[in-house]
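Coordinate analysis (summary)
Below are the chains, spelled out letter by letter.
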Amino acid sequence: MDQKSISKAVIRRLPRYYRYLGELMEEGVERISSNELSEKMRVTASQIRQDLNNFGGFGQQGYGYNVPYLYTEIGKILGLDKTHHMIIIGAGNLGQALANYVKFEKRGFKIVGIFDVNPVLKGISIRGNQIRMMDELPEFLKEQEVQIAALTLPKGNAAETADFLVQHGIKAIWNFAHLDLDVPEDVIVENVHLSESLMRLSYNLNCYVTEHQKNED
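Just so you know, these numbers come straight off a predicted model, no measurement behind them. (Residues numbered from 1 in each chain as written. Predicted model: local features only at pLDDT ≥ 70, side-chain atom pairs only at ≥ 80, totals over all residues. Heavy atoms only, no water.)

A short note on the UniProt feature "DNA-binding region" (unreviewed entry) in the protein chain
As recorded in UniProt, the sites labelled "DNA-binding region" (unreviewed entry) are residues 16–55. The span residues 16–55 is 70% helical and 5% strand by assignment, and the distance between its end C-alpha atoms comes to 16 Å. (UniProt positions renumbered as here; feature names shortened; annotations may be inferred. Helix = DSSP H or I, 4+ residues; strand = E, 2+ residues; numbered from the N terminus.)

Have a look at this one:
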């Protein structure tokens, strides 16, 4: 199947499959049925089968899924069998937290550079990467093969920085700036709006409290 036709909902579930299968492997589980996996993931068995059939199925009737094999295959689909070089633009609290997250490298995302405009931060080392100044970025991108840029800077600087990155060949942007970026169609942007996530949590909490109060009346 043409992967462009696969729904965004399926793609959003793939990392969850990968995470749960990894946990099953740590528990020593060798195989699992779609029904057993559905109980763990809180997704229907039918939905699991439909999702995985987009990529070939992977299951055997009467056997279920081989956990290590399915984990490996989903990793390949997600591109985790490759190494992706990534830079972080913005070395504030969030940028430094991302740089310190050890599991990125275990998933194939290697942070090769961290950049900021604050001279106070220049030279500070975070897990082997010294913070560089933004004026070093053009030469760095010429010398290094970078696929992904994470933007953890104020939204006032995000659009201009994104344009610069695109002009220098960056094809994937992980955007933490509170701004929707206007980039060419061949550039992939994954927006992470932390405040929106918190507002969704607030909405669901509000719904729960309201429903609970109704039940008490």
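What follows continues from the structure just given.
Structural notes on the environment of Asp163
With respect to the helices, strands and loops of the structure, Asp163 is situated in helix H8 (residues 155–167). With 53 residues separating them in the primary sequence, Asp163 and Lys110 have C-alpha atoms 23 Å apart.

With respect to the packing of aromatic side chains
How two aromatic rings sit relative to each other is given by the distance of their centres and the angle of their planes. What the rule picks out here adds up to six aromatic pairs. Seen from their ring centres, Phe58 and Tyr69 are 6.2 Å apart, and the 65 degrees between their planes marks the pair as edge-to-face. With Phe58 in the loop between helix H3 (45–53) and strand S2 (65–66) and Tyr69 in helix H4 (residues 67–77), this pair connects stretches of sequence that are 11 residues apart. The exposure class assigned to Tyr69 is partly exposed, which follows from its relative accessible area of 42%. (Phe/Tyr/Trp six-rings, centres within 6.5 Å; stacked < 30°, edge-to-face > 60°. Buried < 20%, exposed > 50% of the residue type's maximum accessible area, 1.4 Å probe, protein only.)

Overview of the UniProt feature "binding site: NAD(+)" (unreviewed entry) in the protein chain
Feature annotation in UniProt assigns "binding site: NAD(+)" (unreviewed entry) to the following positions: Gly90, Ala91, Gly92, Asn93, Leu94 and Gly95. Those annotated residues lining the second largest pocket are, specifically, Gly90, Ala91 and Gly92. Within the secondary structure, Ala91 is located in the loop between strand S3 (84–89) and helix H5 (93–99). A relative accessible area of 1% means that Ala91 is categorised as buried. Apart from residues lying up to four places away in sequence, Ala91 is in contact with Gln96, Ile114, Phe115, Asp116, Leu121 and Ile131. Counting through the fold element by element, Gly92 comes out in the loop between S3 and H5. In this structure Gly92 comes out as partly exposed when scored by relative accessible area, which is 33%. (1 Å grid on protein atoms, 1.4 Å probe; cavity = no way out; pocket = protein on both sides within 12 Å on 5 of 7 lines; lining within 4 Å. Contact = heavy atoms within 4.5 Å.)

Points about the side chain of His84
The residue His84 is located in strand S3 in this model. Its relative accessible area of 19% is what places His84 among the buried residues. One polar contact links the side chain of His84 to the main-chain carbonyl oxygen of Gly79, over a distance of 3.0 Å. Apart from the residues lying within four places of it in its own chain, the contact partners of His84 are Gly79, Gly108, Phe109, Lys110, Gln147 and Ile148. (Polar contact = N/O pair within 3.5 Å; in protein donor to acceptor, adjacent residues only side chain to side chain.)

Points about H3
Within the span of H3, buried status applies to Ala45, Ile48, Asp51 and Leu52. Each buried residue of H3 sits inside an arc of 125 degrees when the element is viewed along its axis, so together they form one side. Contact partners of the buried residues in H3: helix H1 (8–26), helix H2 (34–41), S2 and H4. (Arc of directions from axis to C-beta.)

Structural notes on the pairing of S3
With five of six residues buried, S3 is to be regarded as a mostly interior element. As paired elements, S3 and strand S4 (residues 109–116) share six bridges and run parallel to each other. Paired with His85 across the strands is Lys110, a residue of S4. In this structure, S3 lies alongside strand S7 (residues 148–151), joined through four bridges in parallel fashion. Among the inter-strand pairings, Ile87 is bridged to a residue of S7, identified as Ala149. (Pairing = 2+ DSSP bridges.)

Some remarks on a nonpolar patch on the surface
On the surface, Leu205, Tyr208 and Val209 cluster together to form a nonpolar patch covering roughly 310 Å² of accessible area. With respect to the secondary-structure elements, Val209 resides in helix H9 (residues 194–216). Residue class for Val209 comes out partly exposed when judged on its relative accessible area of 33%. (Patch = residues over 30% accessible without salt bridge, like charges linked within 9 Å, V, L, I, M, F, W, Y side chains within 5 Å. Areas by Shrake-Rupley, 256 points an atom, 1.4 Å probe, with all protein chains shown as cover. Salt bridge = Lys/Arg side-chain N within 4 Å of Asp/Glu carboxyl O.)

Details of the pattern of salt bridges
In total, this model carries six salt bridges according to the counting rule given. A salt bridge links Lys76 to Glu73, with the nearest nitrogen and oxygen atoms 3.4 Å apart. With a gap of three residues between them, Lys76 and Glu73 both fall in helix H4, about one helical turn apart. In this structure Lys76 comes out as partly exposed when scored by relative accessible area, which is 42%. Under the relative-accessibility criterion, Glu73 is labelled buried at 17%.

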